[in-house]
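# An overview of the molecular structure
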Amino acid sequence: RLASATTAERSVAVLPFGNIAGDSTMALIADGLGDEVASALARVPGILVKSRTGARAYRGQLAPDVTEAGAKLKADYLVTAVIRQERGRRILSADLERAVDATSLWDNAFVIDPNEQGALADSLARDLTAALRRIFPRAVGVAPVRLPHQQTSSSEAFRLYVAGQEKLARRGQSVKEAVQLFRRAVQEDSLFAPAYSGLSVALALTPWFHGVKPSVLRDELVHAARRALALDSTQALPHVALGMALW
């Protein structure tokens, strides 16, 4: 379902997807889906995705105050979603809301197959970006976007990548676990660019949380970042990791 909006306002924040399905494994899937959708939107010309780090403060809030969140994140529009159980099926309900008055501009529901998480992320991201283009016909462009799951044929590599992203988001002692998960992901698929990107960032953050000298990790970090960029030059995070390594 789609409503209309002005073309001048197009800053968007993707809040962490909620989980009320009564299955803890869905929490990891929810995080992975949210990250993929945010990544997809960030590559669409005319859409500015606001702080993903700031958005993570709303993790666990099943009914966040959209107006308050929009003000804090300086976002005009917010994407929210919740996974629920319904008649033996897991359903993800997603909404695009205008922050100033919490008006729903678009919503849709998707049936979740845990074995087809990538396909679900693809459908959600494509439906949402299509809706945004219709809402902002003169402002939002079209960009071919390859989501992380589309860059690997290995379901295990993708699973490890999503788990690594979740650990990395927690920071602290979880950064070390993220490094190991990303290492395993690139072992599963040596052509999986997002996993190399994640590894480079996790290695760059390791000295801050684990007291390891940067010089010990520099060679692996530089290799991971350069490999990520060689496979997908549109990624931004490997450049950030390289900057931290050479600082």
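Below, the structure is looked at part by part. Since the structure is predicted, the reported quantities are computational estimates derived from the model, not experimental observations.

Mapped onto the elements, A57 comes out in the loop between α2 (52-55) and α3 (66-73). The exposure class of A57 is exposed, given its relative accessible area of 58%. Distance from A57 to A69, taken between C-alpha atoms, is 9.7 Å for residues twelve residues apart in sequence.

For the rest of this paragraph, the subject is the packing of aromatic side chains. Taken as a whole and judged by the stated rule, the model has three aromatic pairs. Residues Y161 and F182 carry aromatic rings whose centres are separated by 6.3 Å and whose planes lie at 50° to one another, so their mutual orientation is tilted. One end of the pair, Y161, is in helix α5 (residues 155-170); the other, F182, is in helix α6 (residues 174-188), and 21 residues separate them in sequence. Among the residues examined, Y161 registers a relative accessible area of 8% and is labelled buried. Among the aromatic residues, ring-to-ring pairing joins F158, Y161, F182 and F192 into one connected group.

Take the environment of G22 next. Examined against the element boundaries, G22 turns out to sit in the loop between β2 (18-20) and α1 (25-42). The class of G22 is exposed, set by a relative accessible area of 82%. Remark: the alpha-carbon pair of G22 and I83, spanning 61 residues in sequence, is separated by 9.5 Å.

Turning next to the environment of I135. Counting through the fold element by element, I135 comes out in helix α4 (residues 117-135). In this structure the C-alpha to C-alpha distance between I135 and W106, which are 29 residues apart in sequence, comes to 9.3 Å.

At K74, a position not held by glycine, the phi torsion is positive, near 55°. Looking at the secondary structure, you find K74 in the loop between α3 and β4 (77-86). Owing to a relative accessible area of 64%, K74 belongs among the exposed residues under this scheme. One non-glycine residue with positive phi stands out, namely R171, at about 60°.

Turning our eyes to something else, we now look at the pairing of strand β5 (residues 89-98). As paired elements, β4 and β5 share ten bridges and run antiparallel to each other. Paired with V79 across the two strands is L96, which belongs to β5. Between the antiparallel neighbours β4 and β5 lie two residues, among them R87 with a positive phi of about 55°. In this structure, β5 lies alongside strand β6 (residues 103-112), joined through nine bridges in antiparallel fashion. For D95, the partnering residue across the bridge sits in β6 and is D107. Adjacent in sequence and paired antiparallel, β5 and β6 are bridged by four residues, among which A102 carries a positive phi angle near 60°.

What follows is about the packing of helix α7 (residues 193-210) against helix α8 (residues 214-231). For any two helices packed against each other, the geometry comes down to the angle between their axes and how far apart the axes lie. Contact geometry for α7 and α8: axes closest at 8 Å, N-to-C directions at 155°. Considering the angle they form, α7 stands roughly antiparallel to α8. Handedness of the α7/α8 crossing: left-handed. For the pair formed by α7 and α8, the contact residues are A193, Y196, S197, L199, S200, L203, A204, T206 and P207 on the first element and P214, L217, E220, L221, A224, A225, R227, A228 and L231 on the second. Residues of the contact of α7 with α8, tallied by class, amount to 13 nonpolar, three polar and two charged.

Listed as buried for α3 are V66, A69, G70 and L73. Along the long axis of α3, the arc covered by the buried residues comes to 100°, so they all point the same way. Facing away from the buried surface of α3 by more than 90 degrees, the exposed residues are A71 and K72. Where the residues of α3 are buried, they touch β1 (11-14), α2, β4 and β5. If you check the start of α3, you find a side-chain oxygen 3.1 Å away from the backbone N of T67, and it comes from D65.

Each value, and the rule that gives it
Residues numbered from 1 in each chain as written. Predicted model: local features only at pLDDT ≥ 70, side-chain atom pairs only at ≥ 80, totals over all residues. Heavy atoms only, no water. Helix = DSSP H or I, 4+ residues; strand = E, 2+ residues; numbered from the N terminus. Buried < 20%, exposed > 50% of the residue type's maximum accessible area, 1.4 Å probe, protein only. Phe/Tyr/Trp six-rings, centres within 6.5 Å; stacked < 30°, edge-to-face > 60°. Pairing = 2+ DSSP bridges. Axes fitted to C-alpha atoms, helices over the stretch in contact; angles between N-to-C directions. Parallel < 35°, antiparallel > 145°, perpendicular 65-115°, else oblique. Left-handed = near helix turned anticlockwise from the far one by under 90°. Contact = heavy atoms within 4.5 Å. Nonpolar A, V, L, I, M, F, W, Y, C, P; charged D, E, K, R; others polar. Arc of directions from axis to C-beta. Polar contact = N/O pair within 3.5 Å; in protein donor to acceptor, adjacent residues only side chain to side chain.

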